[in-house]
Amino acid sequence: FEVDAEQHVAIAMHRFNELNQWRDTIWHLFREPSYNVRGYAYFNATIAHVWYRIFGQAPNFGDTVLLGRQMSTLYALLLIVVVFYLGRASGLSPPFAGTAALLMAACDVNATYSHYCLPASGYILFAWLALLGGVKLLRGPSWQSLGLLALGAAGAAAFKFDVFPTIWGGLLLILLSCRGA
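Everything numeric here is computed off the predicted structure, so don't read it as measured data.

A. A look at a nonpolar patch on the surface. Together, V50, W51, I54 and F55 give the surface a local cluster of nonpolar side chains, amounting to about 470 Å² of exposed area. Relative to the helices and strands, V50 resides in helix α2 (residues 39-55).

Printed below as a string of structure tokens:
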């Protein structure tokens, strides 16, 4: 159990209860930190809610942690595919693009974060997806490449950026630019 997973599970459990309109709610002891990343936990809560609707069983804490771990593993596996397509979009031959994907599969960071209930695998996947969309957009503008770029950028922002650092960092940049002008 990764210590930081608790806060993401707490947000997911709170969101699950909201989606379920507080019927058959998941009881949890965690205080929901208002400053934490929402995208990852909300996505997990939505999947848990759909699962609950289909099978009629509310997830508990362990189920929510397991779901987060499974999603992190899925993100890490999809990252390997994205790296292969990024290699192909960059002009690499299939064997070299496959080698790049193989190296990503063997990468310690990808393997380590893929089994925790943390948003790291998700925002790394989305950042690379945005990179793939950007490379494809440079190679030849298309709606598909623009869609990959937009989806990747939105996913990475939703899974990575916390509310307070983003707001305070943005305000600080505005203040510094006003003082410099």
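B. Expanded view of the nonpolar core. Membership of the largest hydrophobic core comes to 29 residues, with the highest contact counts inside it found for Y75, L129 and L132. Of all elements in the fold, only α1 (5-19), α2, α3 (61-89), α6 (120-139) and α7 (143-160) reach the threshold of two or more residues within this core. The residues touching L132, leaving out its near neighbours within four places in the chain, are V82, Y85, L86, A89 and L148.

C. Examining α7 more closely. Look at α7: 25 Å from first C-alpha to last across 18 residues, which is about the 26 Å you get at 1.5 Å a residue. Within the sequence span of α7, burial applies to S145, L148, G152, G155, A156 and F159. Relative to the axis of α7, the buried residues are bounded by an arc of 105 degrees and lie together on one face.

D. Seen up close, the packing of α3 against helix α4 (residues 94-106). α4 packs onto α3 with a crossing angle of 150 degrees between their chain directions and a minimal axis gap of 8 Å. Of the possible angle classes, the one that applies to α3 and α4 is roughly antiparallel. Judged by the sense of rotation from one axis to the other, the crossing of α3 with α4 is right-handed. Across from L79, I80, V83, F84, G87 and R88 in α3, the residues of α4 making contact are P94, A97, G98, A100, A101, M104 and A105. Residue composition of the contact of α3 with α4, by class: ten nonpolar, two polar and one charged.

E. Structural context of the side chain of S121. Its place among the elements puts S121 in helix α6. Not counting residues within four places of it along the chain, the set of residues in contact with S121 comprises S72, Y75, A76, Y113 and S114.

F. Looking closely at the packing of aromatic side chains. As enumerated under the stated definition, the model contains six aromatic pairs in all. Here Y75 and F126 contribute two aromatic rings whose centre-to-centre distance is 6.4 Å and whose plane-to-plane angle is 50 degrees, an arrangement assigned as tilted. One end of the pair, Y75, is in helix α3; the other, F126, is in helix α6, with 51 residues separating them in the sequence. Neither Y75 nor F126 differs from the other in exposure class; each is buried. Note on F126 and F159: the rings are 5.3 Å apart at their centroids and 75 degrees apart in plane angle, and the pair reads as edge-to-face.

Definitions and cut-offs
- Residues numbered from 1 in each chain as written.
- Predicted model: local features only at pLDDT ≥ 70, side-chain atom pairs only at ≥ 80, totals over all residues.
- Heavy atoms only, no water.
- Patch = residues over 30% accessible without salt bridge, like charges linked within 9 Å, V, L, I, M, F, W, Y side chains within 5 Å.
- Areas by Shrake-Rupley, 256 points an atom, 1.4 Å probe, with all protein chains shown as cover.
- Salt bridge = Lys/Arg side-chain N within 4 Å of Asp/Glu carboxyl O.
- Helix = DSSP H or I, 4+ residues; strand = E, 2+ residues; numbered from the N terminus.
- Core = buried A, V, L, I, M, F, W, Y, C linked by side-chain atoms within 4.5 Å.
- Buried < 20%, exposed > 50% of the residue type's maximum accessible area, 1.4 Å probe, protein only.
- Contact = heavy atoms within 4.5 Å.
- Expected span 1.5 Å × (residues − 1).
- Arc of directions from axis to C-beta.
- Axes fitted to C-alpha atoms, helices over the stretch in contact; angles between N-to-C directions.
- Parallel < 35°, antiparallel > 145°, perpendicular 65-115°, else oblique.
- Left-handed = near helix turned anticlockwise from the far one by under 90°.
- Nonpolar A, V, L, I, M, F, W, Y, C, P; charged D, E, K, R; others polar.
- Phe/Tyr/Trp six-rings, centres within 6.5 Å; stacked < 30°, edge-to-face > 60°.

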